[in-house]
Amino acid sequence: MEPSAKATYIREHLIAWYQEEKRDLPWRRTSDPYHIWISEVMLQQTRVDTVIPYYERFTKAFPTMKDLAAAEEDHLLKLWEGLGYYSRARNLQAGVREVIERYGAEIPKSREEISTIKGIGPYTAGAVLSIAYGVPEHAVDGNVMRVLSRLYALENDIAQAKTRKLFEHLVMDIISPDDPSSFNQGLMELGAVICTPQKPKCLLCPVREACQAFAEGKETILPIKTKKIKSKSVQYNGYVLQRADGKWLVEQRGEGLLAKMWQFPLIELEDTEWNTRYGIAWSETESVGEVTHVFSHLKWTVNVYAGKAEVDDQKAEVGVWVTEEELAKLPLPVPIQKMWNLRQAYK
DNA sequence: AATCCGGGGTG
DNA sequence: CACCCAGGATT
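Keep in mind the model is a prediction, meaning the values are calculated, not measured.

Visitor: Please provide a residue-by-residue account of the overall build of chain A, values included.
Guide: Counting its regular elements, chain A contains 15 helices and 7 strands. Once the C-alpha set of chain A is aligned to its principal axes, its extents read approximately 75 × 50 × 30 Å. Taken across its 347 residues, chain A has 48% of its residues classed as buried. Looking at chain A alone, contacts between residues at least 24 apart form 69% of all its contacts between residues at least 6 apart. In the form shown here, chain A has an accessible surface area of approximately 17900 Å², with 49% of it arising from carbon and sulfur atoms.

Given below as structure tokens:
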């Protein structure tokens with residue numbers, strides 16, 4: 001198919017299909033650019049079905065940028081708890097504060113300006129601009145790279161950074177000037193529903209006639225992605241300890257992995273200074289089982305111990321004793337929740 | 001360009 | 001188990 005005719009075909013059939021078949025999602029019922037921004041941040045590396053309840057709670061808790069700007073960090077993280085990539089929440093709040101201070105609470109409408117805002121990268125910039133404001137800008141995510149690599153039978157390695165730029169140029173060549181929102185969302189919707197990673201539903205595809213991969217029988221070998229994940233294993237002993245007054249020992253994590261989230265004390269098995277670090281003397285601790293948790297390139301194995309403890313406040317360097325009610329209000333990463341569930345089940 | 005940053009669905 | 005998801009920040 002001749003290039004400009006192919007672009008026209010894709011625009012028309014993709015948008016018509018999207019208008020007719022699009023899923024009814026919460027962020028498709030709003031025109032508030034701030035709420036659309038929230039949805040795009042939550043959707044980074046995260047599936048639609050996972051995001052929906054988080055989006056509903058978050059927009060209810062922080063309906064305006066002013067509400068989010070004023071939020072406490074623990075409250076913010078509690079509402080993000082379980083969603084992962086917690087820096088997204090902090091960057092979103094920092095970004096909202098920037099928009100209030102520098103742009104009078106109005107999200108900028110140019111790629112150049114919006115890209116300076118914390119947490120808004122090339123994808124989110126294009127998504128917010130096109131969906132909230134109708135600006136014809138590319139929004140290239142994993143779905144779009146997969147769909148376009150098939151439509152144009154491109155064998156570039158989508159794991160490489162420069163390949164994303166190739167797709168950004170391609171989108172700018174073929175994007176609908178009249179409805180960039182439906183065009184961008186149509187590409188993503190197609191990737192999520194029809195042009196899936198495994199077993200694409202080509203017989204249901206609205207743009208199959210323009211798909212070079214389908215024509216050549218390459219739809220299952222595209223896109224090409226080379227990168228491999230090397231994961232490390234780390235072993236811990238973890239302690240769910242209760243004091244005589246009924247309170248539990250927790251501590252707040254520092255920077256890096258699960259930054260600023262709360263946890264029960266974790267000791268790397270190689271760490272021989274645990275007793276001095278916590279200043280704890282405990283008795284009646286017993287093993288209650290093992291927790292495993294897989295991160296992107298890390299695997300935790302935690303031997304969980306429960307018991308009663310007394311702490312020498314003079315020696316304790318870290319840790320806070322909290323009631324069960326206070327514990328419930330702290331943002332706890334999933335592996336820590338697993339530790340708690342294990343201890344409760346063991347009783 | 002490579003690495004870090006979560007968690008869950010899917011086969 | 002491997003893959004991947006409406007990616008961005010940091011180095």
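Visitor: An account of the packing of helix 5 (residues 73-80) against helix 6 (residues 87-103) is needed here, citing residue identities and associated values.
Guide: Packed helices, taken two at a time, are described by the angle their axes make and the gap between the axes. Two numbers describe how helix 5 lies on helix 6: the axes approach to 9 Å, and their chain directions differ by 130°. Considering the angle they form, helix 5 stands oblique to helix 6. Of the two possible hands of crossing, helix 5 and helix 6 adopt the one that is right-handed. Packed against helix 5, whose contacting residues are E73, L76, L77 and W80, the element helix 6 presents R88, A89, R90, L92 and Q93 at the interface. The residue makeup of the contact of helix 5 with helix 6, split by class, is 5 nonpolar, 1 polar and 3 charged.

Visitor: Could you give an account of the state of the cysteines, with specific residues and numbers?
Guide: Disulfide: a covalent bond connecting the sulfur atoms of a pair of cysteines. Counting across every chain of the model gives 0 disulfides. You can see C202 has no disulfide; the closest cysteine sulfur is in C211, sitting 6.3 Å from it. C205 forms no disulfide, and the closest cysteine sulfur to it belongs to C195, at a distance of 6.4 Å.

Visitor: I'd like to hear about the packing of helix 3 (residues 48-61) against helix 5, residue by residue, with values.
Guide: At a minimum axis separation of 9 Å, helix 3 and helix 5 run at an interaxial angle of 155°. For the element pair helix 3 / helix 5, the angle class is roughly antiparallel. Across the interface between the two elements, Y54, R57, F58 and A61 from helix 3 touch L76, L79 and W80 from helix 5. Across the contact of helix 3 with helix 5, the residue classes tally to 6 nonpolar, no polar and 1 charged.

Visitor: Account for the protein's contact with DNA strand B, with residues named and values stated.
Guide: The environment of DNA strand B is formed by 22 residues, the closest being R47, Y85, Y86, L258 and S296. Among the atoms of DNA strand B close to the protein, meaning within 4 Å, 53% are from sugar or phosphate groups. Backbone polar atom of L83 to a base nitrogen of DNA strand B: 3.4 Å apart, as the coordinates give it. Sorting the residues of the surface near DNA strand B by element identifies helix 10 (161-174) and helix 15 (334-346) as the ones contributing at least two each. For the surface near DNA strand B, the residue count by class is 10 nonpolar, 8 polar and 4 charged.

Visitor: A description of the pattern of salt bridges should follow, citing residues and the corresponding values.
Guide: Once the charged atoms of two side chains with opposite charge are near each other, the side chains can pair. Evaluation of the coordinates by the stated rule reveals 12 salt bridges. In this structure, E255 and K260 form a salt bridge, with 3.7 Å as the shortest nitrogen-oxygen distance. If you follow the salt bridges from partner to partner, you end up with R23, R28 and E189 in one network.

Visitor: So, the protein's contact with DNA strand C: which residues are in play, and what are the values?
Guide: Surrounding DNA strand C, one finds 25 residues, the nearest of these being Q45, G119, T124, D141 and R146. By atom count, sugar and phosphate contribute 62% of the portion of DNA strand C lying within 4 Å of the protein. Between DNA strand C and the protein, one listed contact pairs a base nitrogen with a side-chain N or O atom of R28 at 2.7 Å. At 2.5 Å from a phosphate oxygen of DNA strand C is found a side-chain nitrogen or oxygen belonging to R146. Of the residues contributing to the surface near DNA strand C, the split by class is 9 nonpolar, 8 polar and 8 charged.

Visitor: Outline the domain arrangement of chain A, listing residues and values.
Guide: On domain assignment, one finds that chain A holds domain 1 (3-216) and domain 2 (232-346). Averaged C-alpha coordinates put domain 1 and domain 2 at centres separated by 38 Å. Counting from both sides, the interface comprises 9 residues of domain 1 and, opposite them, 14 residues of domain 2. Interface of domain 1 and domain 2: buried area, both sides summed, is about 830 Å²; carbon and sulfur atoms make up 52% of it. Put simply, domain 1 and domain 2 have 0 salt bridges between them. Where domain 1 packs against domain 2, one counts 5 residue pairs in polar contact (both at pLDDT 80 or more). With 4 residues, the single largest contributor to the side of domain 1 that touches domain 2 is helix 5. Class assignment of the residues belonging to the side of domain 1 that touches domain 2 gives a composition of 3 nonpolar, 1 polar and 5 charged.

Visitor: I'd love a proper account of the packing of aromatic side chains, names of residues and values included.
Guide: According to the stated counting rule, one finds 8 aromatic pairs in the structure shown. With centroids separated by 6.0 Å and ring planes inclined at 15°, the aromatic side chains of F264 and W340 adopt a geometry described as stacked. Taken together, the positions of F264 in the loop between strand 3 (262-263) and strand 4 (266-268) and W340 in helix 15 put the pair 76 residues apart, joining distant regions of the chain. Owing to a relative accessible area of 1%, F264 belongs among the buried residues under this scheme. Since its relative accessible area comes to 14%, W340 is described here as buried. Among the aromatic residues, ring-to-ring pairing joins F58, F62 and W80 into one connected group. Taking NZ or CZ as reference, K6 lies 4.1 Å from the ring centre of Y152, over its face. One Lys or Arg, R57, reaches over the ring of Y54 and ends 4.8 Å from the middle of that ring.

Scoring rules and cut-offs
- Residues numbered from 1 in each chain as written.
- Chains lettered and ligands numbered in written order.
- Predicted model: local features only at pLDDT ≥ 70, side-chain atom pairs only at ≥ 80, totals over all residues.
- Heavy atoms only, no water.
- Helix = DSSP H or I, 4+ residues; strand = E, 2+ residues; numbered from the N terminus.
- Buried < 20%, exposed > 50% of the residue type's maximum accessible area, 1.4 Å probe, protein only.
- Contact = heavy atoms within 4.5 Å.
- Areas by Shrake-Rupley, 256 points an atom, 1.4 Å probe, with all protein chains shown as cover.
- Axes fitted to C-alpha atoms, helices over the stretch in contact; angles between N-to-C directions.
- Parallel < 35°, antiparallel > 145°, perpendicular 65-115°, else oblique.
- Left-handed = near helix turned anticlockwise from the far one by under 90°.
- Nonpolar A, V, L, I, M, F, W, Y, C, P; charged D, E, K, R; others polar.
- Disulfide = S-S within 2.5 Å.
- Near = heavy atom within 4 Å.
- Polar contact = N/O pair within 3.5 Å; in protein donor to acceptor, adjacent residues only side chain to side chain.
- Salt bridge = Lys/Arg side-chain N within 4 Å of Asp/Glu carboxyl O.
- Domains from an automatic or database assignment.
- Buried area = accessible area lost by both parts, 1.4 Å probe.
- Phe/Tyr/Trp six-rings, centres within 6.5 Å; stacked < 30°, edge-to-face > 60°.
- Lys NZ or Arg CZ within 6 Å of the ring centre and 35° of its normal.

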